Amino acid sequence: MCGIAVVVTTVAAGERGCRLPRTHGGLVASSRQAIASRGPSQNGACCVRCGCGGCSPSPSGDGSSAHRTAPAASSEDKSAASKAHVTLAASVLHLRGVTCVPQPITDEANGNILLWNGEVYAGFPPHLCFDYAHDNDTEVVLRMLSTATAAVGGAQAVSGTRPTHLEIGFRVAAAVHPLRGPYSFIFWHSQTQTLCYGRDPSGRRSLLRRVLEARGEKVLLVSSVSFATPTDAPATSGGDRGDHVLDAWTELEPLGVWAVSFDSTEPVSALATQGSLCRWPTLTVSPPALPVELELELELVLSLSESDMVGVDARPRQVRRSAAKRLVVFVNARGRARARGRGRRPS
């Protein structure tokens, strides 16, 4: 599986010169070192946003930008609480497709960028004509997300308004939710300066998050694996700070897609925050009915006397009955979903 990461650090508004090397560069180097072992086929990084206003984003692969002295901040810039640097990094393990697709991968038509760690077994729209046995899904996912978010921009262009990060986030959530298979991803929407990240509803691919302050700057880190930062206490003599570092990270709950705005036209109090949760679309399909044989077996188990049910708590029988039925329905539905994901009919 691949390794993906994004490093976001704020820059004080109105400050001349670029502070990128002070905190940001070190965090990018740490993130790339942490994810390197997850992707021996290829690794890369690109700075997609430079908050000092005087740097040009660079796909140099080292997480840096082309530095030059920043111009004096305008009154509009000074009114902002902060600005941010955003760098994406990935290491790729080539498993699908004829050739390895380098990451971060960019959609040249619109500037959108994707980091993808996943394997899609089903769920792509039919018009994409994806060959699940031989094609690489990274390029197709990027094209699908660009199409989904372009629909938002087109509709807003007609009305003369600009799409918000929430509209982009919900579009991304609706696009990836039908995909079957394990995945985690980080997506940069260039037009709206929106960062989206998440993992599949079952949470089968790791994605961790950490929000902290380092040297007076607020930092957002999202990564496949945890790594140490300048704020972490050094290891004691003969000790290990691994547990301390791990506790500082939070496993991302697979409830939807997180969207963070870096657009100065939106009211943002602090850019380097975890963002807003855009939940998965509401399921409209009712759970499948229980097979007759399972229903009968369940009734037999629930009809046992209290003395026969060793190790079962003394809750009322109707409560146990309801809980057991819900469990069987869940297992049955999940089994069918997995069978569809493997491309065959459930037995």
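Quick caveat: nothing in here was measured; it's all calculated off a predicted structure. (Residues numbered from 1 in each chain as written. Predicted model: local features only at pLDDT ≥ 70, side-chain atom pairs only at ≥ 80, totals over all residues. Heavy atoms only, no water.)

Student: Before we go on, may I ask you to explain the state of the cysteines in this structure?
Tutor: Structurally, a disulfide amounts to a covalent bond that connects the sulfur atoms of two cysteines. Counting across every chain of the model gives zero disulfides. Not part of a disulfide, C278 finds its nearest cysteine sulfur in C196, a span of 6.8 Å. (Disulfide = S-S within 2.5 Å.)

Student: What exactly am I supposed to notice about the side chain of R38 here?
Tutor: Structurally, R38 is set in the loop between α1 (20-35) and β2 (42-49). E119 provides the closest opposite charge to the buried, unpaired R38, separated from it by 10 Å. (Helix = DSSP H or I, 4+ residues; strand = E, 2+ residues; numbered from the N terminus. Buried < 20%, exposed > 50% of the residue type's maximum accessible area, 1.4 Å probe, protein only. Lys, Arg positive; Asp, Glu negative; His and termini not counted. Salt bridge = Lys/Arg side-chain N within 4 Å of Asp/Glu carboxyl O.)

Student: Quick question: what am I supposed to make of the pairing of strand β9 (residues 217-223) here?
Tutor: Both faces of the sheet carry side chains from a regular strand, because those side chains alternate between them. For β9, the buried fraction is high: six of the seven residues fall into the buried class. When strand β8 (residues 208-214) meets β9, the two strands line up antiparallel, connected through seven bridges. If you follow R210 over to β9, its bridge partner there is L221. Taking the residues that link successive antiparallel strands as the turn, the β8-β9 hairpin has two residues, and the phi of R215 there is positive, at about 55 degrees. (Pairing = 2+ DSSP bridges.)

Student: What is the right way to look at the sheet that holds strand β5 (residues 113-118) in this model?
Tutor: Strand pairing in a sheet relies on backbone hydrogen bonds, with the paired strands running either antiparallel or parallel. Taken in spatial order, the six strands make up an open sheet running β4-β5-β6-β7-β11-β12, and their pairing is antiparallel. If you trace the sheet from one side to the other, it starts and ends with β4 (105-106) and β12 (276-279), each paired once.

Student: Where do I start with unusual backbone geometry in this structure?
Tutor: In the segment running from Q103 into P104, the intervening peptide bond is cis, with an omega of 0 degrees. Positionally, P104 belongs in the loop between β3 (83-92) and β4. At C129, a residue that is not glycine, the phi angle is positive and equals roughly 50 degrees. Mapped onto the fold, C129 is located in the loop between β5 and α3 (137-159).

Student: Could you clarify how one ought to interpret the packing of aromatic side chains in this entry?
Tutor: We describe a pair of aromatic rings using the distance from one ring centre to the other and the angle between the two ring planes. Evaluated as defined, the whole model comprises seven aromatic pairs. When the ring of W116 is compared with that of Y183, the centres are 5.3 Å apart and the planes differ by 15 degrees; the resulting orientation is stacked. Of this pair, W116 sits in strand β5 while Y183 sits in strand β6 (residues 183-189); the two residues are 67 residues apart in sequence, bridging distant segments of the chain. Note on F130 and Y132: the rings are 4.9 Å apart at their centroids and 80 degrees apart in plane angle, and the pair reads as edge-to-face. (Phe/Tyr/Trp six-rings, centres within 6.5 Å; stacked < 30°, edge-to-face > 60°.)

Student: It is not clear to me how the confidence of the model for the protein chain should be interpreted in this structure. Could you clarify?
Tutor: Note that predicted coordinates carrying low pLDDT should not be read in detail. In the predicted model, the protein chain carries a mean pLDDT of 75, and the fraction of residues at 70 or more is 59%. Here residues 305-315 is modelled with pLDDT under 50, and outside its nearest four sequence neighbours on either side it reaches nine contacts, counting other chains as well. (pLDDT = per-residue confidence, 0-100. Contact = heavy atoms within 4.5 Å.)

Student: Sorry, what's going on with the environment of C196 here?
Tutor: If you trace the backbone, C196 turns up in strand β7 (residues 194-199). Once the C-alpha coordinates of C196 and C278 are considered, the two residues, 82 residues apart in sequence, prove to be 9.6 Å apart. Those residues in contact with C196 that lie beyond four places of it in its chain are I168, G169, V172, F185, I186, F187, V257, W258 and A259.

Student: How should I be thinking about helix α4 (residues 165-176) in this particular structure?
Tutor: Counted at 1.5 Å a residue, the expected span for α4 with its 12 residues is 16 Å, and the 17 Å between its end C-alpha atoms agrees. Along α4, the positions that sit buried rather than exposed are H165, I168, G169, V172, A173, A175 and V176. With its buried residues spanning 165 degrees around the axis, α4 presents them on a single face. (Expected span 1.5 Å × (residues − 1). Arc of directions from axis to C-beta.)

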